[in-house]
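Read off the chains here:
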Amino acid sequence: PTTARTKGFVPPQTEGVKRMAALRGKAYWAKVHEAVPNRFDPEKIEYSINIGQLTEEDKVFLTGHNLGEKIKNDPKGTMGDYIQIKARNTKRVYNPETNEPDEHENSIVVVDENREPVPSNVLIGNESEVIVSFKPIHYKRYDVWAAELLGVQVLNLNQYTAAVDPMADFEEAANFSA
């Protein structure tokens, strides 16, 4: 039997097979409640989450889903080996009746350990324990694989909150005298 981490080797994706998968790990830089512009291409609005501290077992699992090349190493060491999983804020779905693409709004399902919705004002902080549901996607045009983010289950929330009011720093600095 497999766990949410999905133990063991998974055979590589084959043509025409659409398989969803789940990976359990530590979340970093989660942007899953609201899509944000891609840092390198602001025209792309997307959701994203990094899953860090990947084990060797996780790497074998991801490689089995053709995502081994997507595993990166954090040069600062905070995330260790990690994978970034993304989804666009819109999905292009081909309509068989018109043979044309239709654009649909896309959102990410975010639930807690009891599968209850996590409110959008609750931000998932770094090192929260999560299970990420994703679908490996093959882009034939570029012959590359990617992971499409489908949902996030938060098992142990390390809620992100701004530590201080950023305006207070300006006021404190303005009143500082040496």
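### Some details on the packing of aromatic side chains
Turning to step 1, where the next piece is worked out: All chains considered together, the criterion is met by one aromatic pair.
Turning to step 2, where the next piece is worked out: Here the aromatic rings of Phe 61 and Phe 134 are separated by 6.4 Å at their centres, their planes lie at 75°, and the arrangement is edge-to-face. You can see Phe 61 sitting in helix 1 (residues 56-64) and its partner Phe 134 sitting in strand 8 (residues 128-139), a full 73 residues away along the chain.

### Let's talk about helix 1
Turning to step 1, where the next piece is worked out: Here helix 1 has its buried residues at Asp 58, Lys 59, Phe 61, Leu 62 and Gly 64.
Turning to step 2, where the next piece is worked out: Those residues of helix 1 that are buried lie in contact with strand 1 (21-37), strand 4 (81-88) and strand 8.
Turning to step 3, where the next piece is worked out: Of the residues one or two after helix 1, Asn 66 is the one with positive phi, at around 65°.

### Structural notes on the confidence of the model for the protein chain
Turning to step 1, where the next piece is worked out: With 81% of its residues at a pLDDT of 70 or more, the protein chain shows a mean pLDDT of 83.
Turning to step 2, where the next piece is worked out: No element of the protein chain has a lower mean pLDDT than helix 2 (residues 166-174), which averages 56, and none a higher one than strand 3 (residues 72-73), which averages 96.
Turning to step 3, where the next piece is worked out: Contacts of residues 1-17 to residues separated by more than four positions or lying in other chains number 34 contacts, the stretch itself having pLDDT below 50.

### Structural notes on unusual backbone geometry
Turning to step 1, where the next piece is worked out: Backbone geometry at Gln 53 places phi at a positive 55°, although glycine is not the residue there.
Turning to step 2, where the next piece is worked out: By secondary structure assignment, the location of Gln 53 is in the loop between strand 2 (45-52) and helix 1.
Turning to step 3, where the next piece is worked out: Here Gln 53 falls in the partly exposed class, since its relative accessible area comes to 39%.
Turning to step 4, where the next piece is worked out: Phi at Asn 99 is positive, roughly 60°, even though this residue is not glycine.
Turning to step 5, where the next piece is worked out: For Asn 99, the location among the structural elements is in the loop between strand 5 (90-95) and strand 6 (100-105).

### Section: the pattern of salt bridges
Turning to step 1, where the next piece is worked out: With the rule as written, the count across this model stands at five salt bridges.
Turning to step 2, where the next piece is worked out: Between Lys 59 and Glu 56 there is a salt bridge, with its nearest N and O atoms 3.0 Å apart. Here Glu 56 and Lys 59 lie together in helix 1, a separation of three residues that amounts to about one turn.
Turning to step 3, where the next piece is worked out: Residue classification places Lys 59 among the buried positions, given a relative accessible area of 18%.
Turning to step 4, where the next piece is worked out: For Glu 56, a relative accessible area of 56% translates into the label exposed.

### So, the nonpolar core
Turning to step 1, where the next piece is worked out: Counting 29 residues, the largest nonpolar core has Ile 49, Leu 62, Val 130, Phe 134, Leu 149 and Val 152 as the members making the most contacts within it.
Turning to step 2, where the next piece is worked out: Mapped onto this core, the elements with two or more residues apiece are strand 1, strand 2, helix 1, strand 4, strand 8 and strand 9 (144-156).
Turning to step 3, where the next piece is worked out: Setting aside its immediate chain neighbours within four residues, Leu 62 contacts Leu 23, Leu 54, Leu 67, Gly 68, Ile 71, Ile 83 and Phe 134.

### Thoughts on the pairing of strand 5
Turning to step 1, where the next piece is worked out: Sheet analysis places strand 5 next to strand 6, joined by six bridges and oriented antiparallel. Across the sheet, Asn 95 pairs through a bridge with Glu 100, a residue of strand 6.

### Quick look at the side chain of Asn 50
Turning to step 1, where the next piece is worked out: Residue position: Asn 50 is located in strand 2.
Turning to step 2, where the next piece is worked out: Polar side-chain contacts of Asn 50 include one of 3.3 Å to the side chain of Gln 84.
Turning to step 3, where the next piece is worked out: Each residue touching Asn 50, except ones within four places of it in the same chain, is listed here: Lys 26, Ala 27, Tyr 28, Trp 29, Met 79, Tyr 82, Ile 83 and Gln 84.

### Re a nonpolar patch on the surface
Turning to step 1, where the next piece is worked out: Nonpolar side chains collect at one region of the surface, where Tyr 139, Tyr 142 and Val 144 lie side by side and expose about 320 Å² of accessible area between them.
Turning to step 2, where the next piece is worked out: Topologically, Tyr 139 is positioned in strand 8.

Calculation rules
Residues numbered from 1 in each chain as written. Predicted model: local features only at pLDDT ≥ 70, side-chain atom pairs only at ≥ 80, totals over all residues. Heavy atoms only, no water. Phe/Tyr/Trp six-rings, centres within 6.5 Å; stacked < 30°, edge-to-face > 60°. Helix = DSSP H or I, 4+ residues; strand = E, 2+ residues; numbered from the N terminus. Buried < 20%, exposed > 50% of the residue type's maximum accessible area, 1.4 Å probe, protein only. Contact = heavy atoms within 4.5 Å. pLDDT = per-residue confidence, 0-100. Salt bridge = Lys/Arg side-chain N within 4 Å of Asp/Glu carboxyl O. Core = buried A, V, L, I, M, F, W, Y, C linked by side-chain atoms within 4.5 Å. Pairing = 2+ DSSP bridges. Polar contact = N/O pair within 3.5 Å; in protein donor to acceptor, adjacent residues only side chain to side chain. Patch = residues over 30% accessible without salt bridge, like charges linked within 9 Å, V, L, I, M, F, W, Y side chains within 5 Å. Areas by Shrake-Rupley, 256 points an atom, 1.4 Å probe, with all protein chains shown as cover.

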